[in-house]
Amino acid sequence: MTDKTLPFDHARIRELIAEFPTPFHIYDEQAIRANARGLQSAFDWCDDFTEYFAVKATPNPRILQILKEEGCGGDCSSLAELMLCQHVGISGEQIMFTANNTPASEYQAARHLGAVINLDDITHIDYLDEHVGLPEVLSFRYNPGPLRDGNAIIGSPEEAKYGFTREQLFDGYRTIRERGVKRFGLHTMVVSNELNPDFFVETAEMVFELAVEIAEQLDIRLEFVNLGGGIGIPYRPEQKPVDLQRISSGIKAAYDETIRPAGLDPIAICMEHGRMITGPCGYLVTEAIHKKHIYKSYVGVDACMANLMRPAMYGAYHHITVLGKEQAPADTVVDVVGSLCENNDKFAIDRSLPVIDSGDILVIHDAGAHGHSMGFQYNGKLRSAELLLKQDGSVEQIRRAETLDDYFATLDEPKLGKGL
Ligand SMILES: *Cc1c(COP(=O)(O)O)cnc(C)c1O
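Residues numbered from 1 in each chain as written. Predicted model: local features only at pLDDT ≥ 70, side-chain atom pairs only at ≥ 80, totals over all residues. Heavy atoms only, no water.

Draft legend 1. Representation of the nonpolar core within the structure. Core analysis: the biggest nonpolar cluster contains 83 residues, and Tyr173, Leu186 and Leu222 have the highest contact counts within it. For this core, the leading source of residues is helix H8 (residues 197–218), giving 11 residues. Each of domain 1 (10–26 + 280–408) and domain 2 (29–278) accounts for three or more of the residues forming this core. With residues near it in sequence (within four places) discarded, Leu222 still touches Tyr173, Phe184, Gly185, Leu186, Ala211, Ile214 and Ile267. Counting residues in hydrophobic clusters, the runner-up holds 17 residues, among them Leu284, Phe347, Leu362 and Ile364. (Core = buried A, V, L, I, M, F, W, Y, C linked by side-chain atoms within 4.5 Å. Buried < 20%, exposed > 50% of the residue type's maximum accessible area, 1.4 Å probe, protein only. Helix = DSSP H or I, 4+ residues; strand = E, 2+ residues; numbered from the N terminus. Domains from an automatic or database assignment. Contact = heavy atoms within 4.5 Å.)

Take a look at the structure:
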C-alpha cells in the first residue's frame, strides 16, 4: 500500500489558487531531493555510480538545478534538453546524450558540450564521424532482441526501434577503436514503469555478461555501463514503491559474480531514471467546473489531457483526491473529464469518489514526471503553470502558464486575438 498523502492542505491550495489560477502543476522539492538521495544511497557500495536524471520527465531548469545539487547528471535526447542542462551548469560528462534518429545538429551540440554520446545505431558511427568527428568516449545502446529463455524481462525489445543488435555491438566497438575512440560505454534500457525489482537485476546481469564478452573477444574494457531508466512508481494506492535495496543488492551480487572475477572492476554504473525521481512529487491541481448526467455521470474539470496525457494515452491510473473531502465516503462513480473534443480526454473512468460539487479542487497525483512535459496545444489548449513547493514551505512559480499571445506567437497575424 502507498499512502496517497499530500504535502499541502486544502487551505494552502486555496491560497495558492488566489494567486495562480487552476490548472497548475506543483512539485514538492523536499520529496524530489529525498528520491534522488534514496537512489544514490542504495548504490553506496558502487565507487562510481551516477544517476543521469532523464530530463524529458520534468524539463524545468529549477527542477534540474535541484537535481544537480543532489549530484545528478542529466540524460538528454534533444537540443532543448541539452540547452536546459547547460543552463543549470550540468556540463561535460555529467550529460549523457541518449537520442535516437538523431540529427547532425544535435550531435554537434552534444559534442560541443562534451556530453557522453550514446549511439542508437551502427550507421551513426559514420554519421557522427562525418558530421562532427568521433569523440574520445563513445557508448552504444544495446537492444537484446528476443530475450533468451529464462530471462523474465518484460516487453519485446525486438519490436522496439532502439539500439544495436548484439552482432552490431561487437562490430561497432571494433570500428570505433580503429578510428581512435579511447573510452567505451554500454547502455541498455528494456523496461519502463516497472515495479518488479528482479527485472532491473536481470538487465544488469545481461549487461555485465556482455561486458565480459566484449573484454574477452575484443580486448576492450568498458569504462561504464548504463542500465537506463524505467523504475516504476506506485500510481495505484494498492501498489508499493520498488524496493531499491533489492535492486541494488541484486546488482551488487551480479557485479561480484561477473565483473570482479573477470578483472573488470571498477566499471562505473549509470542509470537514467526520470519517473521514480520526480513522478510521485508532482500534482496537477484542477477545479471541478461542471457536472453532467447522461448515460453515465461526469465531472468536468478545468484541466484536460493537454496537462497530463498519461490516462488518455496509456489508460494510466492517476489517483485523485478531492480537497476537503478526504474523509468523505467515496460513494459516487464518475468519469473525471477534460474539455478536449476527444472522448479519451478523461483523467479517470468509473472512479469511486466523494460527491463532487462545482468549485471543488481535485488533486491528480503522480503527475511530476511525463506530465506537464508531454503537454500540447490541440484544441487551442494552453500549457499550465508549474509551481515549486520549496523546503521552507514557500511556493515559487517556476513556469508561468501560457497565454493566447504565446499560442498565436508563431503566426504572422499581429492583430489576432487583440479585439477579444
Ligand atoms: C524515457 C527514458 C528514460 C527515463 O524513463 P523513466 O521511466 O522516466 O525512468 C531514460 N532513458 C531513456 C533512454 C529514455 O528514453
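Draft legend 2. Fine view of the site of the ligand. Neighbouring residues of the ligand: 13 residues in total, closest Lys56, Gly230, Glu272, Arg275 and His370. Side-chain polar atom of Lys56 to an oxygen atom of the ligand: 2.7 Å apart, as the coordinates give it. Measuring from a nitrogen atom of the ligand, one finds a side-chain N or O atom of Asp75 at 3.5 Å. Looking at side-chain class alone, the shell around the ligand contains two nonpolar, six polar and five charged residues. (Near = heavy atom within 4 Å. Polar contact = N/O pair within 3.5 Å; in protein donor to acceptor, adjacent residues only side chain to side chain. Nonpolar A, V, L, I, M, F, W, Y, C, P; charged D, E, K, R; others polar.)

Draft legend 3. Quick look at the sheet that holds strand E5 (residues 116–119). Ordered in space as E2-E3-E4-E5-E6-E7-E8-E9, the eight strands form a closed barrel in which the pairing is parallel. Strand-to-strand, the axes of this sheet are offset by a mean angle of 25 degrees, without reference to chain direction. As paired elements, strand E2 (residues 49–54) and strand E3 (residues 73–76) share three bridges and run parallel to each other. Bridge pairing links Ala54 to Asp75 in E3. Its contacts with the sheet put helix H6 (residues 123–131) on E5 and strand E6 (137–142), and the angle it makes with E5 is roughly 140 degrees. The sheet strands contacting helix H7 (residues 166–178) are E6 and strand E7 (183–188), and the helix crosses E6 at an angle near 170 degrees. (Pairing = 2+ DSSP bridges. Axes fitted to C-alpha atoms, helices over the stretch in contact; angles between N-to-C directions.)

Draft legend 4. Focus on the pattern of salt bridges. Scanning all chains against the criterion turns up 27 salt bridges. Here Glu223 makes a salt bridge to Arg183, at a shortest N to O gap of 2.8 Å. Of this pair, Glu223 sits in the loop between H8 and strand E8 (224–226) while Arg183 sits in strand E7; the two residues are 40 residues apart in sequence, bridging distant segments of the chain. Assessed through its relative accessible area of 33%, Glu223 is described here as partly exposed. Linking Glu396 and Lys390 is a salt bridge whose minimum nitrogen-to-oxygen distance equals 3.3 Å. (Salt bridge = Lys/Arg side-chain N within 4 Å of Asp/Glu carboxyl O.)

Draft legend 5. Geometry of the packing of aromatic side chains. Under the criterion given, the structure shown has 11 aromatic pairs. Measuring from ring centre to ring centre gives 4.4 Å for Phe43 and Phe49, while their planes differ by 5 degrees; the resulting arrangement is stacked. The class for Phe43 is buried, based on a relative accessible area of 2%. Members of the aromatic cluster, connected to one another through ring pairs, are Phe43, Trp45, Phe49, Phe208 and Tyr255. Taking the ring centre of Tyr162 as reference, the NZ or CZ of Arg141 above it sits at 4.2 Å. (Phe/Tyr/Trp six-rings, centres within 6.5 Å; stacked < 30°, edge-to-face > 60°. Lys NZ or Arg CZ within 6 Å of the ring centre and 35° of its normal.)

Draft legend 6. Local environment of the side chain of Thr2. Checked against the element boundaries, Thr2 lands in the segment before helix H1 (10–19). Ignoring sequence-local partners within four residues, the contact set of Thr2 consists of Pro234, Pro237, Gln239, Lys240 and Pro241.

Draft legend 7. Focus on the domain arrangement of the protein chain. Splitting the protein chain by domain gives domain 1 (10–26 + 280–408) and domain 2 (29–278). Taking only C-alpha atoms into account, the centre of domain 1 sits 33 Å from that of domain 2. Of the residues lining the interface, 21 residues belong to domain 1; the matching set on domain 2 comes to 25 residues. Along the contact surface separating domain 1 from domain 2 lie one salt bridge. In this structure, Arg62 engages Glu396 in a salt bridge whose closest nitrogen and oxygen atoms are separated by 3.0 Å. Those elements that place two or more of their residues in the side of domain 1 that touches domain 2 are strand E16 (385–389) and strand E17 (395–399). Classifying every residue of the side of domain 1 that touches domain 2 gives seven nonpolar, eight polar and six charged.

Draft legend 8. Highlighting the environment of Ile269. Assignment of secondary structure puts Ile269 in strand E9 (residues 268–271). Overall, the relative accessible area of 0% leaves Ile269 in the buried class. Between the C-alpha atom of Ile269 and that of Phe49, which follows or precedes it by 220 residues, the distance is 4.9 Å. Beyond its immediate sequence surroundings of up to four residues, Ile269 is in contact with Trp45, Cys46, Asp48, Phe49, Thr50, Phe208, Val225, Leu227, Ile251 and Tyr255.

Draft legend 9. The packing of helix H3 (residues 61–69) against helix H4 (residues 79–88), seen in detail. At a closest axis distance of 9 Å, the pairing of H3 and H4 adopts a crossing angle of 60 degrees. Considered as vectors, H3 and H4 are oriented oblique to each other. Our pair here, H3 against H4, has a crossing hand that is right-handed. Between H3 and H4, the residues in contact are Pro61, Leu64, Gln65 and Lys68 and Leu84, Cys85, His87 and Val88, respectively. (Parallel < 35°, antiparallel > 145°, perpendicular 65-115°, else oblique. Left-handed = near helix turned anticlockwise from the far one by under 90°.)

Draft legend 10. Molecular detail of the packing of H7 against H8. Two elements in contact, H7 and H8, have axes whose closest approach is 11 Å; the angle formed by their N-to-C orientations is 50 degrees. Taken together, the axes of H7 and H8 lie oblique to each other. In this structure, H7 meets H8 at a crossing whose hand is right-handed. Contacts from Arg166, Leu169, Phe170, Tyr173, Arg174 and Arg177 of H7 reach H8 at Leu210, Glu213, Ile214, Gln217 and Leu218. When its residues are assigned to classes, the contact of H7 with H8 shows six nonpolar, one polar and four charged.

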